[in-house]
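Analysis of the macromolecular model
Here's the letter readout for the chains.
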Amino acid sequence: MPTRPFARAALLTAGTLILLAPLTATTTAATAAVTSADAGREDARVPAAPYAVEPYETVNVRSGPARSYAKVGSVAAGQPRGAYCWTHGETITDNGYTNDVWVQLLEGYVSAVYLKGDAYGDLPASATC
């Protein structure tokens, strides 16, 4: 029956798309981080983050170093993330800690108040943005 092989092929294609969907979302996020100078190059890659940070509670990720910037996502407690650098921004007070240090991740910025480690989220003091 000619419809059976076609139906089987359609199911296989649909299954492949479902399995690849998480990869597509990850690839899209990584592609967005490519700088405009690299946008025309075929070999442009997202540089690996030189540091790792880990929030001790779920933290909002912002497009800039202040709560007034748009929320672009969140990072769950205990979920390590790659970090590039830190910068001064809005002063945040929470859980008995106060500082104005924000750490830049691939996705955006998080306040170091919510990160394990020292006042810089364990990034070196020299790792400024």
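Residues numbered from 1 in each chain as written. Predicted model: local features only at pLDDT ≥ 70, side-chain atom pairs only at ≥ 80, totals over all residues. Heavy atoms only, no water.

Turning next to the state of the cysteines. One way to say it: the disulfide is the covalent bond shared by the sulfur atoms of two cysteines. Following the criterion strictly, the structure yields 1 disulfide and no others. Here C85 pairs with C129 through a disulfide, and the sulfurs are 2.0 Å apart. Measuring handedness by torsion sign, the sulfur bridge of C85 and C129 sits at about 95° and is right-handed. One end of the pair, C85, is in strand 4 (residues 81–94); the other, C129, is in the segment after strand 6 (109–111), and 44 residues separate them in sequence. When its relative accessible area of 9% is taken as the criterion, C85 is described as buried. Taking the relative accessible area as the measure of exposure, C129 reaches 49% and is therefore partly exposed. (Disulfide = S-S within 2.5 Å. Helix = DSSP H or I, 4+ residues; strand = E, 2+ residues; numbered from the N terminus. Buried < 20%, exposed > 50% of the residue type's maximum accessible area, 1.4 Å probe, protein only.)

The subject of this paragraph is the packing of aromatic side chains. On inspection of all chains with the given rule, the structure shows 1 aromatic pair. Measuring from ring centre to ring centre gives 4.6 Å for W86 and Y120, while their planes differ by 45°; the resulting arrangement is tilted. Taken together, the residues span a long stretch of sequence, with W86 in strand 4 and Y120 in the segment after strand 6 at a distance of 34 residues. (Phe/Tyr/Trp six-rings, centres within 6.5 Å; stacked < 30°, edge-to-face > 60°.)

Here the focus is the pattern of salt bridges. Evaluated as defined, the whole model comprises 3 salt bridges. Between K116 and E54 there is a salt bridge, and its shortest N-O distance comes to 2.8 Å. With K116 in the segment after strand 6 and E54 in the loop between strand 1 (51–53) and strand 2 (59–62), the pair connects residues that are 62 residues apart, well separated along the chain. For K116, a relative accessible area of 41% corresponds to the partly exposed category. Judged by relative accessible area, E54 falls into the partly exposed class, the value being 25%. Where E90 meets R67, a salt bridge forms, and the shortest distance between an N and an O atom there is 2.7 Å. Of this pair, E90 sits in strand 4 while R67 is found in the loop between strand 2 and strand 3 (71–75), placing the two residues 23 residues apart along the sequence. (Salt bridge = Lys/Arg side-chain N within 4 Å of Asp/Glu carboxyl O.)

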